[in-house]
Every structure is written in C-alpha cells, then in structure tokens.
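Take a look at the letters that make up each chain.
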Amino acid sequence: MAEARHDFYLLTPGPLIVPAEIKAGMVRDRNPGGSDHIAITRGVRDYMLELCNGRDTHECVLLQGSATYGVEAGFLSLLPADARLLVLVNGFYGNRLREVAEAARVDTVTLELPNLPLPTRADLERALDADPKITHMVLCQAETGTGVLNPVEMFAEVARERGLGLMVDSVACFGGVEIDVAALDVDAVFVSPNKCLESVPGVAITIVKRSTLLASEGRCPSGVLDLHAQWKFMQETGNWRWTPPTHVMGALGVACERHRREGGSGPRLERYRRSWRVLVDGLRQRGFRTLLPDDVAVPIIATFHDPDDPAYSFAAFHAAMLRRGIEIFPGRLTAMGTFRIGVMGDLVEEDMVHVLGQMCDALEEIGVRLPVSAAPGDVETV
Ligand SMILES: *Cc1c(COP(=O)(O)O)cnc(C)c1O
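Residues numbered from 1 in each chain as written. Predicted model: local features only at pLDDT ≥ 70, side-chain atom pairs only at ≥ 80, totals over all residues. Heavy atoms only, no water.

**Notes on the overall build of the protein chain**
Step number 1: A tally of regular secondary structure across the protein chain gives 13 helices and 14 strands.
Step number 2: By the compact-globule yardstick of 21 Å for 382 residues, the protein chain fits well, its C-alpha radius of gyration being 21 Å.
Step number 3: For the protein chain, buried positions account for 59% of its 382 residues.
Step number 4: If you take every contact in the protein chain between residues at least 6 apart in sequence, the share linking residues at least 24 apart comes to 73%.
Step number 5: As displayed, the protein chain has an accessible area near 15100 Å², and 52% of this comes from carbon and sulfur atoms. (Helix = DSSP H or I, 4+ residues; strand = E, 2+ residues; numbered from the N terminus. Rg over C-alpha atoms; globule rule 2.2 N^0.38 Å. Buried < 20%, exposed > 50% of the residue type's maximum accessible area, 1.4 Å probe, protein only. Contact = heavy atoms within 4.5 Å. Areas by Shrake-Rupley, 256 points an atom, 1.4 Å probe, with all protein chains shown as cover.)

**Comments concerning the domain arrangement of the protein chain**
The accessible area lost on association of the parts is a frequent measure of interface size.
Step number 1: Its domain assignment divides the protein chain into domain 1 (9-16 + 264-365) and domain 2 (20-262).
Step number 2: Each of domain 1 and domain 2 has a C-alpha centre, and the two are 27 Å apart.
Step number 3: Counting each side, the surface lost to burial between domain 1 and domain 2 is near 2400 Å², with a carbon and sulfur contribution of 55%.
Step number 4: There are four salt bridges connecting domain 1 and domain 2.
Step number 5: Note that Arg271 and Glu198 form a salt bridge whose closest N and O atoms lie 3.0 Å from each other.
Step number 6: In this structure, the connection of domain 1 to domain 2 is made through 14 residue pairs in polar contact (both at pLDDT 80 or more).
Step number 7: When contributions to the side of domain 1 that touches domain 2 are tallied by element, the ones reaching two or more residues are helix 11 (265-285) and strand 11 (301-305).
Step number 8: With seven residues, the single largest contributor to the side of domain 1 that touches domain 2 is helix 11.
Step number 9: The residue inventory of the side of domain 1 that touches domain 2, partitioned by class, reads 16 nonpolar, seven polar and five charged. (Domains from an automatic or database assignment. Buried area = accessible area lost by both parts, 1.4 Å probe. Salt bridge = Lys/Arg side-chain N within 4 Å of Asp/Glu carboxyl O. Polar contact = N/O pair within 3.5 Å; in protein donor to acceptor, adjacent residues only side chain to side chain. Nonpolar A, V, L, I, M, F, W, Y, C, P; charged D, E, K, R; others polar.)

**Focus on the pairing of strand 4 (residues 107-112)**
Step number 1: Of the pairings in the sheet, the one linking strand 3 (residues 84-89) to strand 4 comprises six bridges and is parallel in character. Along strand 4, the bridge assignment pairs Arg84 with Asp107.
Step number 2: Note that the unit made of strand 3, helix 4 (residues 92-103) and strand 4 has a crossover that is right-handed. (Pairing = 2+ DSSP bridges. Right-handed = clockwise from strand over helix to strand, strands pointing away.)

**Overview of unusual backbone geometry**
Most peptide bonds take the trans configuration, and most residues that are not glycine carry a negative phi.
Step number 1: Here Gly14 and Pro15 are connected by a cis peptide whose omega angle stands at -5°.
Step number 2: Looking at the secondary structure, you find Pro15 in the loop between strand 1 (9-10) and helix 1 (20-24).
Step number 3: Of note, the bond from Leu370 into Pro371 is cis; its omega dihedral lies within 30 degrees of zero at -5°.
Step number 4: Its place among the elements puts Pro371 in the segment after helix 13 (349-365).
Step number 5: Located in the positive-phi region is Asp185, a residue other than glycine, with phi close to 60°.
Step number 6: Checked against the element boundaries, Asp185 lands in the loop between helix 7 (181-184) and strand 9 (188-191).
Step number 7: Look at Asp185 and you get partly exposed, because its relative accessible area is 35%.
Step number 8: A positive phi is found at Glu198, a non-glycine position, where the angle reads about 65°.

**Some points on the site of the ligand**
Step number 1: Around the ligand, a shell composed of Ser66, Ala67, Thr68, Tyr93, Ala142, Thr144, Asp169, Val171, Ala172 and Lys195 is seen.
Step number 2: In this structure, an oxygen atom belonging to the ligand sits 3.0 Å away from a main-chain N or O atom of Ala67.
Step number 3: Contacts to the ligand include Thr68, whose side-chain N or O atom sits 2.5 Å from an oxygen atom.
Step number 4: Expressed as a share of its isolated accessible area of 390 Å², the protein-covered part of the ligand is 85%. (Near = heavy atom within 4 Å.)

**Quick notes on the nonpolar core**
Step number 1: Counting 101 residues, the largest nonpolar core has Met48, Phe174, Ile300, Phe317 and Phe339 as the members making the most contacts within it.
Step number 2: Two domains share this core, each providing at least three of its residues, namely domain 1 (9-16 + 264-365) and domain 2 (20-262).
Step number 3: Setting aside anything within four residues of it in sequence, one finds Ile300 in contact with Ala142, Ala172, Cys173, Cys196, Leu269, Tyr272, Trp276, Gly342, Val343 and Met344.
Step number 4: Judged by nonpolar contacts, the second largest core, of 33 residues, contains Leu63, Tyr93, Val106 and Val208. (Core = buried A, V, L, I, M, F, W, Y, C linked by side-chain atoms within 4.5 Å.)

**Description of the pairing of strand 11**
Step number 1: Of all the five residues making up strand 11, five are buried; the element is thus mostly covered by neighbouring parts of the structure.
Step number 2: Summarising the sheet, strand 11 and strand 14 (residues 338-342) pair through five bridges and their orientation is antiparallel. The partner of His305 across the bridge, within strand 14, is Thr338.

**Concerning the sheet that holds strand 14**
Step number 1: In spatial order, the strands read 11-14-13; together these three strands make up an open sheet with antiparallel pairing. If you trace the sheet from one side to the other, it starts and ends with strand 11 and strand 13 (329-330), each paired once.
Step number 2: Bridge count between strand 13 and strand 14: two bridges; the pairing is antiparallel. Paired with Phe329 across the strands is Arg340, a residue of strand 14.
Step number 3: Sitting on the sheet, helix 11 is in contact with strand 11 and strand 14, with an inclination near 10° to strand 11. (Axes fitted to C-alpha atoms, helices over the stretch in contact; angles between N-to-C directions.)

Here it is as structure tokens:
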C-alpha cells in the first residue's frame, strides 16, 4: 500500500489540501497600506487576467469573502435595473446561482435541465425564444455538484448572436480548465482562490469586462459589494476599501507563483487528471460506477454511485475513512445516492494510490464486500 504524504487528506471539492508553501505565505503580518501588500494585490490581479487572456479587455476586482460573495456582488453591481437573468440549473451549484440571484432581487428565470445530457443549443434557444425579456445569462462552467463541464462556448456564442450579457461561475475550475474571456466576450467570471488555485479561502475574485464595469458606476445598492467602487479605489490607491485579508492575499501571492511554476492551467489539470484516472479506474475495477461518463466529466472531482450492499451507508464509510485520516464528501441533493472525491489540492498519483488502498480497507471494515455490485440503472441522468 502506498505511503501517506499528508497526515490528513481533505478530499472535498474545496476547501482542500493547501500546499505547505502556500500556507507559509500567510505567516507574515503585513500593513494593508504597505508596499508589500499593495504589490501582492497588484500581482494577483495581473496574474488572474493573464490566466484568462483578459489583460486588454477585462479588469480583476477582489472582494473580501468567499467566492459566492463575488457572485452576489456581480449580480448587484453589473446587472442594470431592467435586467432579466436566465440561470442554467443542471446541478446543485446552478441552483445556488438562482438562490443568490433571487436573494439579490434580480428578475430571475431558470433553464432547468437534468444533470445529463449536457445542455444543447436547442435547449438554450428554446428558453430564450420563449422569453424575449431575458437580457443576461449565467451558468457554472464546472458544475461541482456532479462534476459536469458545461458548454460555456456555446452559451457565449448564443449570447453574442443575440446581444445578451453572460456571466460564468468558474469558481470550481479556474486555474485548471482554460477560459478565454476576451474570445468569449463575457461580462463577468467568478473565481475562488481555494479550488484549482489551491490557496486558502477568504477572497472573492471577479473578472469583469472593462466596459461593463465602467457602465456600472453608482448602480450597486450595497455598500460593501460594490465592484465598481472597490475597483476604482484599488486603481487609485492600490489598496482595498475596507481592511483587506492581508494573510489570505499573502498565501494567494505564493499560490500564483506556484501555479506559474507548475506551467499554468494545462499542466495543473493534467496532474489532476492523472490522480482522477487512478481513482476512477481503481474504483471501477472494484465494481463502482461513476455518475458520469468520462467524456463530460471534469477531472477535478469524481462522483460514484453508492455500492448496492446492505452494509453500506455513507456515514459509516465516511467515519471509517476519517479514522484513516481521509475525509470524503457526500453527494449533493441533485445527485442522491452518490459520494464525491475531489482531486484538487496538494495531491499526486501516489496519494490517490494510498487513498484507494484505504478505501478498500475502510469498505472491508464496515462489511461491504469487494467487488461491490453496480448500483441499479444505466441511464445516467436524474
Ligand atoms: C465551491 C463552489 C462554489 C462556492 O464557493 P464559495 O467559496 O463556497 O462561496 C460556487 N460555485 C461552484 C461551481 C463551486 O464549485
């Protein structure tokens, strides 16, 4: 059995195992108005734009909070009063986008689809034809509730053809899966430091089309979630409007250096893919079935059907794994009867060999016989 490289494996789809080098970046106390912190803020904003080809067309605005704070800030700051927002809901996080939009009093309609098949152009055009008042659309790029990679390019194409605004929740996959904001001409992309960028949580990263941002001055009904005001202040002073998360930014600065050193998003996703392969192949050999076929899955997380064995319960499996220093995640409501394993963070193939060995051990301990029998049903939709 492969050796553990970490004392504790947090295999949730974020927060995740933050590399020690990145955590070390938050040890120093920094003056928010000092040149050190200001340079880190500038460097992070530049690197985010570099990663998505946004330097000529977009701005990066940072905000205190988790990634969802950025989503709500984006809705409140960037949508005009007469906007009607179409939200793609084909999983848990699509539904969360809807919840946040409704809480922000946005006029919201949904395109509700099953986890699979992926949304088609016809699905989208039908929804838009049925409601000509729709002015904007939002969707998750990677729907972490299932692990599906949604067709952002198709949405962008339709948005361009019809002159609609488009926002993308790339929270789960930014820094792994590529997105070209200039080519797609998106209004906003929402990003987390704590998924593929492998840093600590505490800052919401938004990438906003410059013209959209400039047009939003004075629009936001919230003081602290005003992206334009935060951006303007940062442009003028280099600093943040309220106390910045200086330690979080220290870590994120190191995370950017580390991401660049690894070779950027492509090589990072390849590392995840190798870990994901070990996990998916290993569990399939033991009778497990994935929720998704491989061709629509984004290799940052894998979702498996619960084994069809009376001795199995997620709670017992989770507890047995925790005793082995490994924490796994239950399925979301949109994918009941499943469990999920994230492969983002400080993980390589050897770690997944270790995890796989421990999973077999844990299943045996709770009385589940291997190979497990496949869960019933072949149609992989809700
Ligand atoms: C993790 C995740 C979020 C939530 O981000 P928070 O940092 O918890 O606010 C939103 N969308 C997707 C697709 C995610 O994977």
